[in-house]
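Take a look at the letters that make up each chain.
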Amino acid sequence: MTDISLYQRIPVDVPESPPARPRLLLIATSLVAAAVIVGYVGLTSYYAQVRQGVLSTDQPWLPSGVTIPLTQPNFMLLTMVFSAVAMAWALSAVRHDDRPNAFIAFALTLMFGFAQIAQTAYLLTLMRMPAAGNPAAALIYTMVGLQLATMAMAMGYVVAMALRTLGGGYSARDYEGVLSATVFWFTNVGVYIILWYAVYITK
Amino acid sequence: MFTWGSKYLFGVAGVALLGAIVYGLVTGGGIVGVVSVGYKGGVGEHTGYGTLLGVAAAALGLGVLNFITRDATVPVAEAADDSGGGALAIRTPHRASFWGPLAAFGLACLAIGVAVSQVFFILGVAVLSIVLLEWVILAWSDSATGDPLVNSAIRERVIGPLEVPLLASLGIAVFILGVSRVLLAVSEAGSVVVASVVAAAIFASCIALAKTRVSRGVITGVVALGALAVLAGGIAGAVVGEREIGHHHETGETGTQVEGEGE
């Protein structure tokens, strides 16, 4: 083993790193993605059940004075679709060793992610729904909050994989991390689609 | 054509889907509503129906993944080389990593921040950002070469100049936020006592660590315990809330009169 200290020169003739254990990250990410989907669908089902219970008593579901506009949710859906395309572009670019395009695509994906978070914040200010005193408000905030948390995790994943790609960790030879981030990003898009339909569209 | 893993998962997806349909029908749903996922007509009891649909979707996704990756099978050529250090070799970490516990600390701050105080939320975001950066660099450097010592040196060279200022800033922020919550929560006399005890404890710990030859693990343990105590005190202080503090009022033109200092 080479004996070096912090301030010594890093030797050139060091042994190559052994190959990474393949598909470990992909399988782990897929299991997490499956858990996210099951959890979010379960929450959505509970939301639908509570909503059905309230509507069956001829009571309005949303608190009085609260409306959910459609423009922002629809634009968010469009943003998420664009982000999925950008993420697929990043994966394709890394697979073809096209690093400039890969970083443009990573940046675009993150920009769409930030845009979705900003639009959600704007939508919440438009809704002006008090969080306390109404089951609809508690459930809607829970679902929106979980979607934002999933988005934050997906963005963190993309940042990590972009940094690893920048450091030379991923290329056409090995792009498993970027593929895993893509799987999780698509899950994130799926979570938003569930939210869009269950909360914003059906109200 | 289909691998064992994908067959199993497709089976689970099919059973879950069938279960969702049957469950929806027996709990009062209509056939059209159950098949169209509630687009037209009722689906019966929503929670059970939806959860079964979620299981079906997740199993289907995992099944497709297993099918594409051939059950994550590693080709024999990749699996092992002559020295036994191929793709399936287990690589043990060269040294302990604290980023996992620190990430848990950041998540705890985030959750507490949402419930109690915005400052803890900001602290959680800061902690998680630093952990993300550090962990990524560590993961990258661990596989930079085949020599763990060289990998460690590479990590130090990349992140070392940032690490000390970042971690020092984080430590100072945690300490200031935690202790200030306690000082603001207790009475005026109590805050003097708390400040004195904390200062004395830091002083005594530093002398003890300097005068005795203790291992790095002991020092890490003492610092971790201190950080936990500060965090626990800060949370308790934030939950209790600030004591009532008097305000300074200016009266007249000739001087300043101070009213209602302390309690």
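Fair warning: this is a prediction, and the values are worked out from it, not measured in the lab. (Residues numbered from 1 in each chain as written. Chains lettered and ligands numbered in written order. Predicted model: local features only at pLDDT ≥ 70, side-chain atom pairs only at ≥ 80, totals over all residues.)

Novice: Sorry, what's going on with the nonpolar core here?
Specialist: Inside soluble globular proteins, nonpolar side chains tend to come together where they are buried. Judged by nonpolar contacts, the single largest core of 61 residues is most densely connected at Ala90, Val94, Val158 and Val178 of chain A together with Ala56 and Ala59 of chain B. At the level of elements, helix 1 (24-55), helix 2 (71-95), helix 3 (99-127), helix 4 (135-166) and helix 5 (176-201) of chain A together with helix 1 (4-26) and helix 3 (46-68) of chain B are the ones that each hand at least two residues to this core. No other element matches helix 5 of chain A, which puts twelve residues into this core. Grouped together as the second largest cluster of nonpolar side chains are 15 residues, Cys109, Val174, Leu177 and Ala238 of chain B included. (Core = buried A, V, L, I, M, F, W, Y, C linked by C-beta atoms within 7 Å. Buried ≥ 20, exposed ≤ 12 C-beta atoms within 10 Å, placed from the backbone. Helix = DSSP H or I, 4+ residues; strand = E, 2+ residues; numbered from the N terminus.)

Novice: What exactly am I supposed to notice about unusual backbone geometry here?
Specialist: One can expect most non-glycine residues to show negative phi and most peptide bonds to be in trans. If you check the backbone angles, Asp97 of chain A has positive phi at about 55° while not being a glycine. The class for Asp97 of chain A is exposed, based on 11 C-beta atoms found within 10 Å. Positive phi values are uncommon outside glycine, yet Val37 of chain B reaches one of about 55°. For Val37 of chain B, the position within the fold is in the loop between helix 2 (31-35) and helix 3. The class for Val37 of chain B is partly exposed, based on 14 C-beta atoms found within 10 Å.

Novice: What exactly am I supposed to notice about the confidence of the model for chain A here?
Specialist: Atomic detail in the predicted coordinates should be set aside for any region of low pLDDT. When pLDDT is averaged along chain A, the result is 90, and 96% of the positions lie at 70 or above. Confidence, expressed as mean pLDDT per element, reaches its minimum in chain A at helix 1 of chain A with 92 and its maximum at helix 2 of chain A with 97. (pLDDT = per-residue confidence, 0-100.)

Novice: Would you explain the interface of chain A and chain B in this entry?
Specialist: Many structure descriptions define interface size as the accessible area lost when the parts assemble. The interface of chain A with chain B comprises 38 residues on the first partner and 37 residues on the second. Of all the secondary-structure elements, those providing two or more residues to the side of chain A that touches chain B are helix 1 and helix 4 of chain A. Broken down by element, the residue count for the side of chain A that touches chain B peaks at 14 residues, all from helix 1 of chain A. When grouped by side-chain class, the residues that make up the side of chain A that touches chain B number 22 nonpolar, eleven polar and five charged. (Contact = placed C-beta atoms within 7 Å. Nonpolar A, V, L, I, M, F, W, Y, C, P; charged D, E, K, R; others polar.)

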